[in-house]
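# Chains, contacts and geometry: an overview
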Amino acid sequence: MDESTFDALAGQYAGVDIDVGAGDGRFVLDRAARRPERLIVGLDPVAEALADAANRVTRRRTRQENVLFVIASVEQMPPELAGKFDRVYVNLPWGSLMRGLMVGDIEILEPLAAIGKPGAQYRIILNLRVFSDPVPLEVQDLPETTVEYVHEQLTTRYQACGLEVTSARLLEHTDLERLPTTWARRLSHQRPPPSLEVRAERRL
Ligand SMILES: C[S@@+](CC[C@H](N)C(=O)[O-])C[C@H]1O[C@@H](n2cnc3c(N)ncnc32)[C@H](O)[C@@H]1O
């Protein structure tokens, strides 16, 4: 889809939101059903993960017009998405997305910031169980992401990329249980993992 087609579609809605690292698209479908006046976009590099959700929204019986899926990573963000979104969600990321958000990596923060309109609201939910024993190899060199760490270290890195951190807090178990994503359910199966919510606003 080229930029003018996207703009024409987005123009039919009261607002445009994106779920980055959308996984199987469950959050996108849930939000789209509850907010039919908004266009909800799901972005993930793994096409197979999104396939069922994409089929669902195009099937006649389960059709949902206000949904769009984009197969891409944050590092290779399609340029036509720049400056398009009012709200940006990242739920329980892993891999380079999680790492980039936890260390304040410019390779992740800049493209993420770039897709927000001025004043766009960002909500990032990080799974802190990755820091519990046994700590997986790929996160062993990551700083433990606490509320203090966000304020003392990440805020300036986010700011340098155009994202003003407005709050950081540990989530209650019930917050995570209510999060309509597959990973929130999977991780909460026995007990919800400790998790941290970072909110930020796009500044130019
Ligand atoms: C643990 S899953 C969570 C999926 C979904 N948000 C949920 O809560 O069910 C993490 C997701 O992050 C995506 N991801 C990892 N690195 C990414 C990147 N660099 N850009 C975009 N998505 C990424 C993965 O493909 C995966 O779908």
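Up top is the structure.
Just so it is clear, the structure is predicted and the values come from calculations on it, not from any experiment.

## Digging into the sheet that holds strand β7 (residues 195-202)
As a general point, the strands of a sheet are linked pairwise by backbone hydrogen bonds and lie either parallel or antiparallel. Spatially, the 7 strands line up as an open sheet ordered β3-β2-β1-β4-β5-β7-β6, and their pairing is mixed. Two strands lie at the open edges of the sheet, namely β3 (67-71) and β6 (163-170), each paired on one side alone. Ignoring strand direction, the axes of neighbouring strands in this sheet form an average angle of 15°. Here 5 bridges tie strand β2 (residues 38-44) to β3, and the two strands are oriented parallel to one another. What sits directly across from Ile 40, in β3, is Val 67. This element, helix α2 (residues 26-34), spans β1 (15-20), β2, β3 and β4 (85-91) of the sheet and lies at about 180° to β2. Against the sheet, helix α6 (residues 147-160) makes contact with β6 and β7, and its axis sits at roughly 165° relative to β6, the strand it touches most.

## Some points on the site of the ligand
Surveying the vicinity of the ligand reveals 22 residues, the closest of which are Gly 21, Gly 23, Leu 97, Thr 181 and Trp 183. For the shell around the ligand, the elements supplying multiple residues, two or more each, are α4 (95-103) and α8 (182-187). Across the shell around the ligand, the residue classes tally to 12 nonpolar, 8 polar and 2 charged.

Cut-off values and rules
- Residues numbered from 1 in each chain as written.
- Predicted model: local features only at pLDDT ≥ 70, side-chain atom pairs only at ≥ 80, totals over all residues.
- Pairing = 2+ DSSP bridges.
- Helix = DSSP H or I, 4+ residues; strand = E, 2+ residues; numbered from the N terminus.
- Axes fitted to C-alpha atoms, helices over the stretch in contact; angles between N-to-C directions.
- Contact = placed C-beta atoms within 7 Å.
- Near = placed C-beta within 6 Å.
- Nonpolar A, V, L, I, M, F, W, Y, C, P; charged D, E, K, R; others polar.

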